[in-house]
Structure formats: structure tokens, C-alpha cells
Amino acid sequence: QSTVTSTRKVIKVKVWDRDEIDGDSITLTLNGEIVKQHISLKRHKKTYRIKLEPGDNYLVMYAENLGTTPPNTAAVIIQEGLKKRRLALKSDIVLRSIINL
């Protein structure tokens, strides 16, 4: 679990597989609502623009599977303007990473 402070209404979330490309996939939710599901992770970063609600927001990255070679090695960059924060998920079981924004 991580906390990222943001003063923006919209952030960019970039996700990718930071290790072996083996079929890892994730789901992103914001405040309990699905932003994007079944994201197949590759070497190149996939970018999503996410609109934040006033107050605290909770972005959750769920590891849907372990790919063909465990663990799931998802990585994410939270970007607001020029500020970036990189986080990683390394999971031998299906887990989630919660990011408080």
C-alpha cells in the first residue's frame, strides 16, 4: 500500500510488465469502480487518464493472474504534471496494491 499526494483533478496511470512478458494481467479500480479490467501487461507502457474525485481517492491494482511464470510483476507510474511515482507489484498469489491519492 502506498500514498501519493495529488493536487490535480486528472492523473495519468501507466502500467506494464517489468519482468518477463508471460501473460500477467491486472485490473485497475478507483474508489471501488472499475477503471479498466483485464489489462494484458506488455513491455511497453499502457497509459490511462483517470479523473479524481474531490477528497481521498483509492486506486487499486489487482493482479488477476500470475502469467505462465509466477510471480505477477506489474509496475505502475502515477503521473501528475511533471511529478512521477513508480510502484511495483510482485505477487506469487493474486493480490492487490492500494494507492491512496
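Everything here concerns the structure above.
Here's what I pulled together on the structure shown here. Keep in mind that this is a model prediction, so the values were computed, not measured.

Rules used throughout
Residues numbered from 1 in each chain as written. Predicted model: local features only at pLDDT ≥ 70, side-chain atom pairs only at ≥ 80, totals over all residues. Heavy atoms only, no water. Pairing = 2+ DSSP bridges. Helix = DSSP H or I, 4+ residues; strand = E, 2+ residues; numbered from the N terminus. Axes fitted to C-alpha atoms, helices over the stretch in contact; angles between N-to-C directions. Phe/Tyr/Trp six-rings, centres within 6.5 Å; stacked < 30°, edge-to-face > 60°. Lys NZ or Arg CZ within 6 Å of the ring centre and 35° of its normal. Core = buried A, V, L, I, M, F, W, Y, C linked by side-chain atoms within 4.5 Å. Buried < 20%, exposed > 50% of the residue type's maximum accessible area, 1.4 Å probe, protein only. Contact = heavy atoms within 4.5 Å. Salt bridge = Lys/Arg side-chain N within 4 Å of Asp/Glu carboxyl O.

### Some details on the sheet that holds strand 2 (residues 10-17)
If you trace the four strands from one edge of the open sheet to the other, you get 5-2-7-8, paired in antiparallel fashion. Unpaired on one side and paired on the other, strand 5 (46-51) and strand 8 (83-88) mark the two borders of the sheet. Each strand of the sheet is rotated relative to its neighbour by a mean of 20 degrees, with strand direction disregarded. Both strand 2 and strand 7 (residues 74-80) contribute to a ladder of six bridges, which runs antiparallel. Bridge pairing links Val15 to Val76 in strand 7.

### Re the packing of aromatic side chains
This model, assessed by the stated rule, comprises zero aromatic pairs. The ring of Trp16 is capped by Lys45, whose NZ or CZ atom sits 4.4 Å from the centre of that ring.

### Topic: the nonpolar core
With 20 residues, the main nonpolar core has Val13, Val15, Ile26 and Leu28 as its most contacted residues. Where this core is concerned, the elements lending two or more residues are strand 2, strand 3 (25-30), strand 5, strand 6 (58-63) and strand 7. Leave out the neighbours within four places in its chain, and Val15 touches Ile26, Leu28, Ile39, Leu41, His44, Lys45, Lys46, Tyr48, Ala75 and Val76.

### As for the pattern of salt bridges
Evaluation of the coordinates by the stated rule reveals one salt bridge. When the shortest N-O distance is used, the salt bridge between Lys83 and Glu80 registers 3.1 Å. Accessibility expressed as a relative area gives 52% for Lys83, which makes it exposed. Take Glu80: its relative accessible area is 7%, and that puts it in the buried class.

### Brief notes about unusual backbone geometry
Each neighbour pair has its own omega, and for Pro70 with Pro71 the value is 5 degrees, a cis peptide bond. With respect to the helices, strands and loops of the structure, Pro71 is situated in the loop between strand 6 and strand 7. A positive phi is found at Asn31, a non-glycine position, where the angle reads about 55 degrees.

### Section: the environment of Glu33
Along the polypeptide, Glu33 turns up in strand 4 (residues 33-40). Along the primary structure Glu33 and Gly55 are separated by 22 residues, whereas in three dimensions their C-alpha atoms are 16 Å apart.

Nothing here speaks to function; it is geometry throughout.
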